[in-house]
Amino acid sequence: MRARVIRSPRGTRSAWVLLLMILAPMLQAQADPRTNYLLHCMGCHQPEGAGTAMGIPALRDRVGYYLDLPGGRDYLLHIPGARNAPLKDDELASVMNWVIEQFAGRSLPARWERFTATEVAQARAAKPVDIDAWRAKLWAQLPAQEVAASNADATPASKATLY
Ligand code: HEC
């Protein structure tokens, strides 16, 4: 009797509706920036944004520096690890904003503008760039004490060990 109800088209439909009702909050949770960071970025940058000695730059206490450097904001939108992530433009913008709020710490400028989906879309449509050269140029503009305060793994020279 029970099996017959499940097999009937109507029963199947309500089973789907029920399943969707159960899944909807979980799917919504996946769009949350923290979850997206854990799914798409943490593997390299580590849960606390510490990076690795193997050439993954730390985000903690330094990702905010880029926001104040000329071209730095644009650089952040061109990072291959982020731009190629299977995230929609608005999701990537939210993850970037979350990363900055979460990790920038002492490097956070007094004022900064949140990333938007439009900016992400524009950067994604642009040709890939020589990201290493761009990064090195930005680091060369940072005041020496800020560079010294950063971990060795975050400097362009040691990052080269990754390749
Ligand atoms: C495969 C490893 C990898 C993944 C996955 C990855 N990144 Fe990165 N990320 C890097 C590397 C390496 C750099 C340095 C620039 C370069 O060489 O691409 C970087 C640089 C950055 C930077 C700038 C920090 C700096 O000092 O250059 C930010 C911000 C960033 N990534 C955010 C993200 C976000 C957000 C995600 C997830 C959507 C992500 N990354 C996924 C490897 C990764």
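Values in this document were obtained by computation on a predicted structure and should not be read as measured data.

Reading guide: rules and limits
Residues numbered from 1 in each chain as written. Predicted model: local features only at pLDDT ≥ 70, side-chain atom pairs only at ≥ 80, totals over all residues. Helix = DSSP H or I, 4+ residues; strand = E, 2+ residues; numbered from the N terminus. Buried ≥ 20, exposed ≤ 12 C-beta atoms within 10 Å, placed from the backbone. Contact = placed C-beta atoms within 7 Å. Near = placed C-beta within 6 Å. Nonpolar A, V, L, I, M, F, W, Y, C, P; charged D, E, K, R; others polar. Axes fitted to C-alpha atoms, helices over the stretch in contact; angles between N-to-C directions. Parallel < 35°, antiparallel > 145°, perpendicular 65-115°, else oblique. pLDDT = per-residue confidence, 0-100. Core = buried A, V, L, I, M, F, W, Y, C linked by C-beta atoms within 7 Å.

Quick word on the overall build of the chain
Line of reasoning, step 1. Assigned secondary structure in the chain consists of 12 helices and zero strands.
Line of reasoning, step 2. When its helices and strands are written in sequence order, the chain yields α-α-α-α-α-α-α-α-α-α-α-α.
Line of reasoning, step 3. When burial is assessed residue by residue, the chain has 22% of its 163 residues classed as buried.
Line of reasoning, step 4. Of all intrachain contacts in the chain linking residues separated by at least 6 positions in sequence, the fraction that spans at least 24 positions is 69%.

Focus: unusual backbone geometry
Line of reasoning, step 1. Even without glycine at this site, Q46 takes up a positive phi of about 75 degrees.
Line of reasoning, step 2. Mapped onto the elements of the fold, Q46 is located in the loop between α4 (42-45) and α5 (65-68).
Line of reasoning, step 3. What makes Q46 partly exposed here is the crowd of 15 C-beta atoms within 10 Å.
Line of reasoning, step 4. A positive phi is found at D61, a non-glycine position, where the angle reads about 65 degrees.
Line of reasoning, step 5. As for its placement among the helices and strands, D61 is situated in the loop between α4 and α5.

A look at the environment of T116
Line of reasoning, step 1. The topology assignment puts T116 in the loop between α8 (89-103) and α9 (117-125).
Line of reasoning, step 2. T116 sits in the partly exposed class, given 15 other C-beta atoms within 10 Å.
Line of reasoning, step 3. In this structure the C-alpha to C-alpha distance between T116 and N97, which are 19 residues apart in sequence, comes to 9.0 Å.

Examining the site of the ligand
Line of reasoning, step 1. Neighbouring residues of the ligand: 23 residues in total, closest C41, C44, P57, G81 and A82.
Line of reasoning, step 2. Listing elements by their share of the shell around the ligand, those giving two or more residues are α4, α7 (80-83), α8 and α10 (131-140).
Line of reasoning, step 3. By residue class, the composition of the shell around the ligand is 17 nonpolar, four polar and two charged.

Considerations on the packing of α8 against α9
Line of reasoning, step 1. Where α8 meets α9, the axes come as close as 8 Å, and the angle between the chain directions of the two elements is 110 degrees. Classified by the interaxial angle, the pair formed by α8 and α9 is roughly perpendicular. The residues of α9 that touch α8, namely those facing D89, D90, L92 and A93, are A117, E119, V120, A121 and R124.
Line of reasoning, step 2. For the contact of α8 with α9, the class distribution of residues is five nonpolar, no polar and four charged.

Some details on the confidence of the model for the chain
Line of reasoning, step 1. Across the chain, the average pLDDT comes to 82, with 70% of residues at or above 70.
Line of reasoning, step 2. The least confident element of the chain is helix α12 (residues 156-159), whose mean pLDDT is 44; the most confident is α8, at 97.
Line of reasoning, step 3. Here residues 152-163 is a poorly scored stretch, pLDDT under 50, and it has 24 contacts once near neighbours within four places are set aside; other chains count.

A few points about the nonpolar core
Line of reasoning, step 1. Counting 21 residues, the largest nonpolar core has V63, L92, V95, M96, V99, I100 and F103 as the members making the most contacts within it.
Line of reasoning, step 2. Elements that contribute at least two residues to this core include exactly α5, α8 and α9.
Line of reasoning, step 3. Ranked by residue count, the leading element in this core is α8, at seven residues.
Line of reasoning, step 4. Ignoring anything within four residues of it in the chain, the contact list for V95 reads P33, N36, Y37, C41 and L87.

Examining the packing of helix α3 (residues 33-40) against α8
Line of reasoning, step 1. Interhelical geometry of α3 versus α8 gives an angle of 90 degrees and a closest axis separation of 9 Å. By the angle between their directions, the pair α3 and α8 is classed as roughly perpendicular. Here α3 contributes P33, R34, N36 and Y37 to the contact with α8, which in turn contributes E91, S94, V95, W98 and V99.
Line of reasoning, step 2. In terms of residue class, the contact of α3 with α8 is made up of five nonpolar, two polar and two charged.

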